[in-house]
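Working through the structure, step by step
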Amino acid sequence: MIKIGLLGFGTVGSGVYEIITTNENFKKSMKDKVMISKILVRDKNKDRNIKFPQNILTENADDILNDPEIDIVVAVMGGINPSYQYIIKAFENGKHVVTANKAVVSKYYDTFLTTAKKNNRAFLFEASVGGGIPVIKPLKQSVKINDVDKIKGILNGTTNFILTKMTEESYSFEDALKLAQELGYAEADPTDDIQGYDIARKLSILSNIAFKSTTSVENIKCRGISDISKCDIEKFDELGKKVKLVGSAIKIEDEYSASVEPLLVDKNSTLGTVNDAFNIVSVSGNTVGELQFFGQGAGKNPTANAVVCDIIDVINGEYENFDNDNKKVIDSAGAKLFEGSYYLRITPENKQQIPNLIDFLLNKALKFKICEQDENLIIITEAIRADKMENLVELLNTEHKNYCYARFDDNKILA
Ligand code: NAP
Ligand code: HSE
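In short, a report on the structure. (Residues numbered from 1 in each chain as written. Chains lettered and ligands numbered in written order. Predicted model: local features only at pLDDT ≥ 70, side-chain atom pairs only at ≥ 80, totals over all residues. Heavy atoms only, no water.)

With respect to the element layout, isoleucine 228 can be found in the loop between β8 (220–222) and α12 (230–238). Sequence-wise, isoleucine 228 and valine 308 are 80 residues apart; in three dimensions their C-alpha atoms are separated by 37 Å. In contact with isoleucine 228, other than residues within four places in its own chain, are Leu163, Met166, Ile233, Phe236, Val243, Pro262 and Cys404. (Helix = DSSP H or I, 4+ residues; strand = E, 2+ residues; numbered from the N terminus. Contact = heavy atoms within 4.5 Å.)

Set out below in structure tokens:
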């Protein structure tokens, strides 16, 4: 009998439990030889909407980590500490580790790979990127042949769900977020979703594998969706665009740029038609060309499905830890490898300030066309480098707090 210890019994943990205990296909293929023997929670007495034997719960991680009968530890409790300490201890105590926790994987990626290798244990983290989408496993396979130079995608279910609801059904931001939380898409602290940090973590995990390197979240220029207002969404619609929060990483020779930012995409483009909590990841390799991975990016069942697929691979011995030994050194180029036209809306406290704002922008030698100059100043810039746009916005930011800017996903807008 293979015994599993779950660290966490929330949205993902309960989904994993349900698949392992009730899914007939799983039970048949594993010949009923897999069981969840213990589950770590914060509060044993909490009401849980799921049937399970009460004595399986523990509030003491050592009941799992020090149990010699447990073969696989599934880390689905979220956060950095104590998840990090528990995962290291699990490896040191001879257990395989499967996790959905992108925060801890992106921060301790190298350490986990090294510790897993040292202890000859599996370290699988498919569910940490793209929820139910199998992307890590095919990516590991692809880089055996390909040099990857581009990763781009919608990598967060919560923000894509919120933007879809705001765009298609005129939801307020607050109502859409509340619904995403009820559906189990959001992180315990939804700031991680809204401000783009969750995407940055996923992008760093993908970049580490794709570029065979170590890329840090700190090098990812990260913006979220909180500046986008109803009037922006209406304007995007008039322009034939939709806004999507997109993670992109691009590598040119020994340099890379990575960003999380609102992008304006054509309504009928591939990115424009990925709605609700669905995610899409596109990866470009020199041999295979562009690969796209699409599916449900968050939620109980899709995510638990990815976790259980990793568990099956561990049990069948069909896994290969990613080999990080011969990694390449690549340097962060900030945001400078990205370029495009930008939508910029500034809402000054007093509309009398608008002529001064226009002068300020002209003095910065920026070419732009004015779309609106009433309560708001709305402009569309010529194609400029992302780092130059960031500098410009930083200068504006000292005086004007109410603004929104987003890059067009092509350079054609002023043509
Ligand atoms: P969740 O619903 O908040 O569940 C967290 C679980 O962990 C709860 O059972 C909680 O115990 C337990 N827990 C938290 N801190 C603990 C501690 N210090 N000691 C003991 N137990 C602790 O979270 P989730 O949505 O399942 O997410 C779990 C992980 O999967 C996170 O890393 C998340 O980023 C990742 N993930 C989530 C999704 C998704 O769609 N939700 C998708 C992909 C990846 P109590 O039940 O007693 O509170
Ligand atoms: N909060 C995350 C999201 C969960 O919304 O995408 C899946 O990683």
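Moving on from the model shown.
Applying the stated criterion across every chain yields a total of 28 salt bridges. With a closest N to O distance of 3.2 Å, glutamate 18 and lysine 300 form a salt bridge. One end of the pair, glutamate 18, is in helix α1 (residues 11–22); the other, lysine 300, is in helix α13 (residues 300–315), and 282 residues separate them in sequence. Residue classification places glutamate 18 among the partly exposed residues on the basis of a relative accessible area of 26%. The partner of lysine 89 in a salt bridge is aspartate 62, and the shortest N-O contact between them spans 2.8 Å. In this pair, lysine 89 sits in helix α4 (residues 83–92) while aspartate 62 sits in helix α3 (residues 62–65), placing the two residues 27 residues apart along the sequence. The class for lysine 89 is partly exposed, based on a relative accessible area of 28%. The structure contains a network of salt bridges with shared partners spanning Lys102, Glu187, Asp198 and Lys202. (Salt bridge = Lys/Arg side-chain N within 4 Å of Asp/Glu carboxyl O. Buried < 20%, exposed > 50% of the residue type's maximum accessible area, 1.4 Å probe, protein only.)

Within the structure, ligand 1 sits among 24 residues, and Val12, Lys46, Arg48, Glu187 and Gly299 are positioned closest to it. At 2.8 Å, a backbone N or O of phenylalanine 9 approaches an oxygen atom of ligand 1. At 2.8 Å from an oxygen atom of ligand 1 is found a main-chain nitrogen or oxygen belonging to valine 12. Its free accessible area being 900 Å², ligand 1 has 86% of it covered by the protein chains. Its residues assigned to classes, the shell around ligand 1 comprises ten nonpolar, eight polar and six charged. (Near = heavy atom within 4 Å. Polar contact = N/O pair within 3.5 Å; in protein donor to acceptor, adjacent residues only side chain to side chain. Areas by Shrake-Rupley, 256 points an atom, 1.4 Å probe, with all protein chains shown as cover. Nonpolar A, V, L, I, M, F, W, Y, C, P; charged D, E, K, R; others polar.)

Turning our eyes to something else, we now look at unusual backbone geometry. A cis amide bond links asparagine 81 with the next residue in sequence, proline 82, at an omega value of 10°. Looking at where proline 82 falls in the secondary structure, it is placed in the loop between β4 (72–75) and α4. A positive phi is found at lysine 31, a non-glycine position, where the angle reads about 50°. The topology assignment puts lysine 31 in the loop between α2 (24–29) and β2 (34–40). Phi at lysine 212 is positive, roughly 50°, even though this residue is not glycine. Relative to the elements of secondary structure, lysine 212 occurs in the loop between α11 (197–210) and β8. Given the relative accessible area of 23%, lysine 212 is considered partly exposed.

Close to ligand 2 lie Lys102, Asn156, Gly157, Thr158, Tyr185, Ala186, Glu187, Asp193, Asp198, Lys202, Gly297 and Ala298. Here asparagine 156 contributes a side-chain N or O atom positioned 3.4 Å from an oxygen atom of ligand 2. A distance of 2.6 Å separates an oxygen atom of ligand 2 from a polar atom in the side chain of threonine 158. Protein contacts shield 94% of the accessible area of ligand 2, which totals 250 Å² for the unbound molecule.

Before going further, it helps to examine the sheet that holds strand β1 (residues 2–7). Within the open sheet, the six strands sit side by side as β3-β2-β1-β4-β5-β6. Their pairing is parallel. Edge positions in the open sheet fall to β3 (57–58) and β6 (123–124), since each of these has one partner strand only. Summarising the sheet, β2 and β3 pair through two bridges and their orientation is parallel. What sits directly across from leucine 40, in β3, is threonine 58. (Pairing = 2+ DSSP bridges.)

What follows covers α13. Its 16 residues place the ends of α13 22 Å apart at the C-alpha level, agreeing with the 22 Å of an ideal helix rising 1.5 Å per residue. Buried residues of α13: Pro302, Thr303, Ala304, Ala306, Val307, Val308, Asp310, Ile311, Asp313 and Val314, and no others. Positive phi shows up at glycine 317, right after α13, with a value of about 65°. (Expected span 1.5 Å × (residues − 1).)

Looking along a regular strand, one sees the side chains alternate between the two faces of the sheet. Here six bridges tie β1 to β2, and the two strands are oriented parallel to one another. Bridged to glycine 5 within β2 is lysine 38. Across four bridges, the pairing between β1 and β4 is parallel. What sits directly across from glycine 5, in β4, is valine 73.

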